[in-house]
Amino acid sequence: MSFTVLPTRKGPMTGLGVVFRPQLPPERLRDVARVAEDAGLEELWLWEDCFLEGGISTAAAALAWTERLRVGIGLLPVPLRNVAVTAMEAASLERMFPGRAILTVGHGVQDWMGQVGARAASPLGLLGEHLDALRALLRGERLSVRGRYVQLDDVALDWPPPRPVDVLAGGTGPRTLRLSGEKADGTLLTAATSVDGVRRARQLVEEGRRAAGRAGSHRVVVYLLTATGADADARLRAELAAEGLESVPDVGVAGDASEVAEQVRRLAEAGADTVVLQPTADEPDPEGFVRFAAQKVRPLVR
């Protein structure tokens, strides 16, 4: 299969971040966030995975414990959230920590949504309605909406953000990626995305943007499953097997800083603006992993 190579990043340097995985207890976040700040890491990403840790609460704490670190939430499942609540929380984070919170919304894992009675008949329809309303509320607009899923009656934020807030959408399937290009300000891709998968995702996003007549930039962020240290290969293989990805080529990286940086560069060349290193669930030293990313990988990535 061949892919069209599209113009991608506008800036001179690829963004780099690290995931704080919710398999760690929430009380570990403070130390990891402070290490990330002290080490000079650009972004720390958090997950709102059922039924582990809340995305907004952990993001607010990490932002309060640091001064410069950007904190991404990847992602907030829209079936769990009234769009007005999402807008209120996003606006509050932006006003308290200007430019430092990165908001991503998405379908959520459908089995989990079913467990809490929130599974939508049309996840794509719900995400589209949520994105439209959320971005409008964050622009300070007053809305009355009668959608299939989003219903608002004369709703506006009393404290909207003083400047525009980007909203990213998480996606994997072609329809969701096109929708992200059409309605979101950026796209978040999972660690199951190969280099060719990033290229294809960028193509689908651009198709959605063209269809909607949108101009300007669209940020693509991708997680990269990463293991380093003496047992890196074994830990990476075990995680790929546990996720059913052992037969998927070109997913994940195990090795030293130069090997990790090379995979980051390949993802950037395929269309990623930011690569977020995702440690394995059994990473023995989360703080050390953050230092590895900031102090050893970052200098090798431009």
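Residues numbered from 1 in each chain as written. Predicted model: local features only at pLDDT ≥ 70, side-chain atom pairs only at ≥ 80, totals over all residues. Heavy atoms only, no water.

J.: Describe the overall build of the protein chain, naming the residues involved and giving the relevant values.
T.: Looking only at helices and strands, one finds 10 helices and 11 strands in the protein chain. In terms of C-alpha radius of gyration, the protein chain reaches 19 Å, essentially the compact-globule figure of 19 Å for 302 residues. Across its three principal directions, the C-alpha atoms of the protein chain cover 60 × 45 × 40 Å. Relative to its 302 residues, the protein chain shows a buried fraction of 54%. A separation of at least 24 residues holds for 75% of the contacts in the protein chain among residues at least 6 apart in sequence. As displayed, the protein chain has an accessible area near 13500 Å², and 50% of this comes from carbon and sulfur atoms. Averaged over its 36 positive side-chain charges, the protein chain has a centre that lies 5 Å from the centre of its 40 negative ones. (Helix = DSSP H or I, 4+ residues; strand = E, 2+ residues; numbered from the N terminus. Rg over C-alpha atoms; globule rule 2.2 N^0.38 Å. Buried < 20%, exposed > 50% of the residue type's maximum accessible area, 1.4 Å probe, protein only. Contact = heavy atoms within 4.5 Å. Areas by Shrake-Rupley, 256 points an atom, 1.4 Å probe, with all protein chains shown as cover. Lys, Arg positive; Asp, Glu negative; His and termini not counted. Charge placed at Lys NZ, Arg CZ, Asp CG, Glu CD.)

J.: Can you lay out the pattern of salt bridges for me, pointing to particular residues and giving the numbers?
T.: Where charged atoms from two side chains of opposite charge come close, those side chains can pair. Under the counting rule described, the total for this entry stands at 26 salt bridges. Linking Glu-48 and Arg-81 is a salt bridge whose minimum nitrogen-to-oxygen distance equals 2.9 Å. Of the two residues, Glu-48 is situated in the loop between strand S2 (43-46) and helix H2 (55-65) and Arg-81 in the loop between strand S3 (70-77) and helix H3 (83-96); the sequence distance between them amounts to 33 residues. By relative accessible area, Arg-81 is classed as buried at 17%. A salt bridge links Asp-154 to Arg-142; the nearest nitrogen and oxygen atoms lie 3.4 Å apart. With Asp-154 in strand S6 (residues 151-155) and Arg-142 in the loop between helix H5 (123-138) and strand S5 (143-146), the pair connects residues that are 12 residues apart, well separated along the chain. With a relative accessible area of 54%, Arg-142 lands in the exposed category. By sharing partners, the salt bridges in this structure join Arg-202, Glu-206, Arg-209 and Asp-273 into a single network. (Salt bridge = Lys/Arg side-chain N within 4 Å of Asp/Glu carboxyl O.)

J.: So what's going on with the environment of Val-78? Which residues, and what values?
T.: Looking at the secondary structure, you find Val-78 in the loop between S3 and H3. Under the relative-accessibility criterion, Val-78 is labelled buried at 3%. The spacing of Val-78 and Gly-17 is 61 residues in sequence and 24 Å in space, taken between C-alpha atoms. Once residues within four sequence positions are removed from consideration, Val-78 is found in contact with Val-105, Gly-106, Leu-126, Leu-127 and His-130.

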